[in-house]
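# Report on the structure
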Amino acid sequence: MADRVTVIGWDGSPLTATARAALGAATLVAGAAHHLALPEVPPTAERIRLGSLALAARRIAAHRGTAVVLADGDPGFFGVVRALRAPEFGLEVEVVPAVSSVAAAFARAGMPWDDAQVVVAHRRTLRRAVNVCRAHTKVAVLTSPGAGPAELGLLMDGIHRTFVICEELGTERERVSVVTSDNAPDHTWRDPNVVIVIGGPAGAADGGGWIAGRDPGTGPRGWVQPDEEYGGYGGGLGEGETQLLRAAQLARLGPRVGDLVWDIGCGSGAFATEAARAGAAVIAVDRLSDACARTDTAARRFGVQLQVVQGTAPHVLENLPEPDVVRVGGGGAAVVSAVADRRPQRIVTHAATRDEAELVGRGLSEHGYRVECALLQSVELDTRAWTETERNVAFLLTGELLRREAPR
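Just so you know, these numbers come straight off a predicted model, no measurement behind them. (Residues numbered from 1 in each chain as written. Predicted model: local features only at pLDDT ≥ 70, side-chain atom pairs only at ≥ 80, totals over all residues. Heavy atoms only, no water.)

## What to know about the overall build of the protein chain
- Each helix and strand in the protein chain was counted, giving 12 helices and 17 strands.
- Summarising its shape, the C-alpha atoms of the protein chain cover approximately 85 × 50 × 45 Å along the three principal directions.
- The buried share of the protein chain, reckoned over its 408 residues, is 47%.
- Carbon together with sulfur atoms contributes 52% to the accessible area of the protein chain, which is approximately 20,000 Å² in total.
- Distance from the positive charge centre (42 side chains) to the negative charge centre (48 side chains) of the protein chain: 5 Å. (Helix = DSSP H or I, 4+ residues; strand = E, 2+ residues; numbered from the N terminus. Buried < 20%, exposed > 50% of the residue type's maximum accessible area, 1.4 Å probe, protein only. Areas by Shrake-Rupley, 256 points an atom, 1.4 Å probe, with all protein chains shown as cover. Lys, Arg positive; Asp, Glu negative; His and termini not counted. Charge placed at Lys NZ, Arg CZ, Asp CG, Glu CD.)

## Notes on the packing of helix 9 (residues 270-277) against helix 10 (residues 289-302)
- Axis separation between helix 9 and helix 10 bottoms out at 9 Å; the angle between their running directions is 35°. Here helix 9 and helix 10 pass one another in a crossing that is right-handed. Contacts between helix 9 and helix 10 involve Ala272, Thr273 and Arg277 on the former and, on the latter, Thr295, Ala298, Ala299 and Phe302.
- Along the lines of polarity and charge, the residues of the contact of helix 9 with helix 10 split into four nonpolar, two polar and one charged. (Axes fitted to C-alpha atoms, helices over the stretch in contact; angles between N-to-C directions. Left-handed = near helix turned anticlockwise from the far one by under 90°. Contact = heavy atoms within 4.5 Å. Nonpolar A, V, L, I, M, F, W, Y, C, P; charged D, E, K, R; others polar.)

## A short note on the packing of aromatic side chains
- Taken as a whole and assessed by the stated rule, the structure comprises four aromatic pairs.
- Ring geometry for Phe106 against Trp113: centres 6.0 Å apart, planes inclined by 10°, an arrangement best described as stacked.
- Here Phe106 falls in the buried class, since its relative accessible area comes to 0%.
- On the basis of relative accessibility, which here comes to 30%, the residue Trp113 falls in the partly exposed class.
- An aromatic cluster is present here, built from Phe77, Phe78, Phe106 and Trp113 joined pairwise through their rings. (Phe/Tyr/Trp six-rings, centres within 6.5 Å; stacked < 30°, edge-to-face > 60°.)

## Some words on the pattern of salt bridges
- For the coordinates displayed, the defined rule picks out 25 salt bridges.
- The residue Glu94 makes a salt bridge to Arg4 at a minimum N-O spacing of 3.1 Å. In this pair, Glu94 sits in strand 5 (residues 93-96) while Arg4 sits in strand 1 (residues 4-10), placing the two residues 90 residues apart along the sequence.
- Taking relative accessible area as the criterion, Arg4 reaches 40% and is therefore assigned partly exposed.
- Its salt-bridge partner being Arg246, residue Asp227 comes within 3.0 Å of it at the nearest N-O pair. Taken as a pair, Asp227 in the loop between strand 10 (193-198) and helix 8 (243-253) and Arg246 in helix 8 lie far apart in primary sequence, 19 residues in all.
- Since its relative accessible area comes to 24%, Asp227 is described here as partly exposed.
- On the accessibility criterion, Arg246 (0% relative accessible area) is buried.
- Among the charged side chains, a network of salt bridges with common partners joins Arg252, Arg346, Arg370, Glu372 and Glu400. (Salt bridge = Lys/Arg side-chain N within 4 Å of Asp/Glu carboxyl O.)

## Remarks on the sheet that holds strand 12 (residues 281-286)
- In spatial order, the strands read 13-12-11-14-15-17-16; together these seven strands make up an open sheet with mixed pairing. On the outer flanks of this sheet lie strand 13 (307-310) and strand 16 (369-382), each paired with one strand and no other. With direction set aside, neighbouring strand axes in the sheet form an average angle of 20°.
- Bridge count for strand 14 (residues 325-328) against strand 15 (residues 346-351) is four bridges, and the pairing is parallel. Residue pairing for strand 15: Val325 is matched across the bridge by Arg346. (Pairing = 2+ DSSP bridges.)

## What about the nonpolar core?
- With 26 residues, the main nonpolar core has Trp262, Ile264, Val328 and Val339 as its most contacted residues.
- For this core, the elements supplying multiple residues, two or more each, are strand 11 (260-264), strand 12, strand 14, helix 11 (332-340), strand 15, helix 12 (354-366) and strand 17 (387-401).
- In terms of residues, this core owes the most to one element, helix 11, which gives four residues. (Core = buried A, V, L, I, M, F, W, Y, C linked by side-chain atoms within 4.5 Å.)

## So, helix 10
- With 14 residues, helix 10 extends 20 Å from end C-alpha to end C-alpha; this agrees with the ideal 20 Å at 1.5 Å per step.
- Of all the positions in helix 10, only Ala291, Cys292, Arg294, Thr295, Ala298, Ala299 and Phe302 are classed as buried. What you see down the axis of helix 10 is that its buried residues fit within an arc of 160°, all on one side.
- Gly303 lies just past helix 10 and shows a positive phi near 70°. (Expected span 1.5 Å × (residues − 1). Arc of directions from axis to C-beta.)

## So, the sheet that holds strand 8 (residues 162-167)
- On the basis of which strands lie adjacent, the open sheet formed by five strands has the order 6-7-10-8-9 and mixed pairing. Single-partner strands in this sheet number two, and they are strand 6 (117-120) and strand 9 (175-180). Each strand of the sheet is rotated relative to its neighbour by a mean of 20°, with strand direction disregarded.
- Taken together, the six bridges between strand 8 and strand 9 define a ladder with antiparallel strand orientation. Looking at strand 9, one finds that Glu167 is bridged to Arg175.
- Sheet contacts for helix 6 (residues 126-135): strand 6, strand 7 (138-142) and strand 10; angle to strand 6, the most-contacted strand, approximately 165°.

Dropping the structure here:
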């Protein structure tokens, strides 16, 4: 095992005395090509160009001498420190940090970033990174080849965002550009780069926040809100939108950050808004223009980001991006079947009769979903006299995809 392993962050500024001393004593230096070209790298040191971190870590672990790993920005923030400290390598490291590329990008933009979401985009995680950009008003994306600004812009189709693209930060070729998301695919961007994605109203608390990222305490407490919170925007709630049914649907789907939720037959926008409050990206679909307007109003009132699409299912679904979970609030078995063809992880819907529930359940089973069905009954009581004021009964159906498919 190496006698000593020092990880040095590099942000383009001169190395500190501590970093120079560690680098001057190194017998092995690992880093990207521009790191290995630094004049402070000893000419006699073994050099490893970082590609696979696992391979580099094994070579460092087997090295007899003093090793230094050079990395851009803060190596402890989505950086090499986590990989080097993995149990299989047994490496104890000392870290000399630098300004992270995310901090540098926001500094170039002159913006605070304690309220930003930060995501890493690789080819395999690009879709989830895009969903975070759909759902949140300020996101920093650490990109990679094949998952850069152009690809982000293409997948943001239909959603307007502003991109602040910071290329090769800390180098002589540094460049900061501001473009709209739809124009990003028209350019060629240099790696490495950080993309700040901005859109929607700012939600910063007065005097600053208390937690990094999105404040979980924003808005009223509770997964779902009382029906009257959504019933005053031009109409009442539909039969599948009652508060307790929404709570059960939300619990079955479990929307989370990085997910894309479809809400088909969004009605008042109650479920779509509550799924967005959970941090997921949401596309709300309805054939009626007044339902789309109510959904947009509800989202604005609760300060969440979602996309509203007017159209009739199942045809309108054909051009929508792939969902993770779906609520079908209207359209019956035909729409549920069309949704199942897109292979989301979970589907939830409701039925008014047992025959309708059986028809939907059989369709889900034929598509390879494990089906659960429960008869839900809720009774509202006037607690002044403890008398019944309202009764709702519905069959709640959940389909969970049985075969584990490759992540999209």
